[in-house]
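Topology and contacts: notes
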Amino acid sequence: MPLGLSAQSPSLRFSGQAIPLVTATNAVPGGASRSEARLVQPVLMIEAAALGRHLQLHAMGDFEGWTIRHGELATGAYGEGYYDRRHPHTYVHELMLTGADVLGRVDGTVVVSLSAGKGFAPFGTDDPMSRPPMLYPANHHLAQILERAVAVAAVTAGPVTVEGGTFDGDEPEYPSQWPNWTRFGDSWALRVSGRPVTGLEAQLSRAHVHSPEHRQGAGTDQEKWSASARWERAVAGRPAYALAEWARTDEAGGAYVLHSGLVEGVYELGRYRPYFRLERTDRTEDQRVFGDPFRSVRPHLDSSILGITRWTISTLGAQVRTWTRARVTVSPTAEVAFATVAKLGGGVFDPAVFYGRTSFTALTVGIRVDWGMAGHRMGYYRGMPMAETMTMPMDHDHPEP
């Protein structure tokens, strides 16, 4: 144990956020339009540390099972049996215990950390909850692996971090469901990330996920790859952020290959925070539930896949910080998305027939209420000090224009 470690005081930090919003879209089967009001991302987070931050707890409760029981309208989104809707996350979104720098001074400047619990596999990019747009990107299930029972080892040497983890492949089927513990260890992920210069982080990930769409393990496997570059620096004295990512998922031994490319960025102008996102993402089209075209039949099997579509979505938005007291920030936000869809390859699914159109528009207005979570990056258990797991917060240092 490093000298003086036991004398350092434990810490406990609470934070949270919620976004009441209204979305209007014509990405509705049958050529219709729809508007819905929802409370999304109502979360409460607890971060605790002891033994000089060598023992860390990351816990998050997500209450979308109450507020978006039938999902949130999101053009092109899919996953966990939802289509053109984002599914509610589980009530226990994250519950991870980390032993940080477990070897202390034995390994010199190398930092070795071990983590276990329910959380994110070491694969891909940050959880979209911690990124600027209100609506999740369509590639969420290609670019992240979350809400699994996972064990992660991370080794950091200078600017390079290598993370490896094993987890259960099954996805949740409803918000109160826990991972299938009997399947723990049937899947794995590896991520290598580097910080070659100040403000730039790049990562490359590889994962094998066994039967994610069939809880008992009788479904098809996924082979996943991800690469990204993330940049954060001040430009002309103002914080700026940009992300470029690529992801690929092979299903059923390569019978279905899904690609995604995404770029997004934000530049802060005092109280104003304009942002953009551009993505092109493939998705499989599964047999839908009779009477509910936003849901698919589960469990998914390769025989239920009716085709592949490619979604191109451009999103423009802006936040305006209007009220800040202590750790609470209220930011009215508006974003508009323009999307097109095209059929790829064979299959019986025809988007022009299913939707009655192939181009869509979605408008979302909301109020982002943040309580101390601005800038938090989710999905990493590297055992770093808290400041190193934070990203660009809203700019509070510049005078209002």
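1. Comments concerning the overall build of the chain
Tallying secondary structure elements over the chain gives three helices and 21 strands in all. Its C-alpha atoms give the chain a radius of gyration of 21 Å, near enough to 21 Å, the size a compact globule of 401 residues would have. Expressed as lengths along the three principal axes of its C-alpha atoms, the size of the chain is roughly 70 × 55 × 40 Å. A total of 401 residues make up the chain; the buried ones form 53% of that total. In the chain, once contacts between residues fewer than 6 apart in sequence are set aside, the share between residues at least 24 apart is 64%.

2. A look at the nonpolar core
Met 60, Met 129, Ile 145, Phe 167 and Ala 189 are the most contacted members of the largest nonpolar core, which has 20 residues in total. Of all elements in the fold, only strand 2 (32–50), strand 8 (148–157) and strand 11 (200–209) reach the threshold of two or more residues within this core. Trp 311, Val 341, Phe 349 and Phe 360 belong to the second largest nonpolar core, which has eleven residues in total.

3. Thoughts on the packing of aromatic side chains
Taken as a whole and assessed by the stated rule, the structure comprises nine aromatic pairs. Note on Tyr 78 and Tyr 83: the rings are 6.2 Å apart at their centroids and 25° apart in plane angle, and the pair reads as stacked. The two residues Tyr 78 and Tyr 83 agree in class, both being buried. Here the aromatic rings of Phe 349 and Phe 354 are separated by 5.1 Å at their centres, their planes lie at 50°, and the arrangement is tilted. Put simply, the rings of Trp 311, Phe 349, Phe 354, Tyr 355 and Phe 360 touch in pairs and so form one group of aromatic residues. The cationic tip of Arg 206 hangs over the ring face of Trp 225; the distance from NZ or CZ to the ring centre is 4.5 Å. Just above the ring of Tyr 83 sits the side chain of Arg 288; from NZ or CZ to the centre is 4.0 Å.

4. A closer look at the pattern of salt bridges
Should the charged atoms of two oppositely charged side chains come close, the side chains can pair. Per the stated rule, a full pass over the model turns up 24 salt bridges. Across the pair Glu 36 and Arg 34 runs a salt bridge whose closest N-O atoms are separated by 3.7 Å. The exposure class of Arg 34 is partly exposed, given its relative accessible area of 34%. Note that Arg 191 and Glu 163 form a salt bridge whose closest N and O atoms lie 2.8 Å from each other. Residue Arg 191 is located in strand 10 (residues 187–194), and its partner Glu 163 is located in strand 9 (residues 160–167); the two are separated by 28 residues in the primary sequence. Neither Arg 191 nor Glu 163 differs from the other in exposure class; each is buried. Connected through shared salt-bridge partners, Asp 126, Glu 163, Arg 191, Glu 201, Arg 230, Glu 232, Arg 377 and Arg 382 make up one network.

5. Description of the side chain of Gln 41
Within the secondary structure, Gln 41 sits in strand 2. Only 2.7 Å separates the side chain of Gln 41 from the side chain of Gln 17, close enough to count as a polar contact.

6. Some remarks on the confidence of the model for the chain
A low pLDDT score tells you not to read the predicted coordinates there in detail. Taken residue by residue, the chain gives an average pLDDT of 91. The fraction at 70 or more is 92%. Throughout residues 1–7 the model reports pLDDT below 50, and contacts reaching past four residues in sequence, or to other chains, amount to seven contacts. Low pLDDT (under 50) marks residues 385–401, which in the prediction has 48 contacts with non-local residues, meaning those over four places away or in another chain.

7. Overview of the pairing of strand 6 (residues 92–99)
Pairing analysis gives seven bridges linking strand 3 (residues 55–62) to strand 6, with the strands arranged antiparallel. Its bridge partner being in strand 6, Leu 57 is matched across the sheet by Leu 97. Here strand 6 pairs with strand 7 (residues 111–119) via five bridges, running antiparallel. Bridging across to strand 7, Leu 97 finds its partner in Ala 116.

About the thresholds
- Residues numbered from 1 in each chain as written.
- Predicted model: local features only at pLDDT ≥ 70, side-chain atom pairs only at ≥ 80, totals over all residues.
- Heavy atoms only, no water.
- Helix = DSSP H or I, 4+ residues; strand = E, 2+ residues; numbered from the N terminus.
- Rg over C-alpha atoms; globule rule 2.2 N^0.38 Å.
- Buried < 20%, exposed > 50% of the residue type's maximum accessible area, 1.4 Å probe, protein only.
- Contact = heavy atoms within 4.5 Å.
- Core = buried A, V, L, I, M, F, W, Y, C linked by side-chain atoms within 4.5 Å.
- Phe/Tyr/Trp six-rings, centres within 6.5 Å; stacked < 30°, edge-to-face > 60°.
- Lys NZ or Arg CZ within 6 Å of the ring centre and 35° of its normal.
- Salt bridge = Lys/Arg side-chain N within 4 Å of Asp/Glu carboxyl O.
- Polar contact = N/O pair within 3.5 Å; in protein donor to acceptor, adjacent residues only side chain to side chain.
- pLDDT = per-residue confidence, 0-100.
- Pairing = 2+ DSSP bridges.

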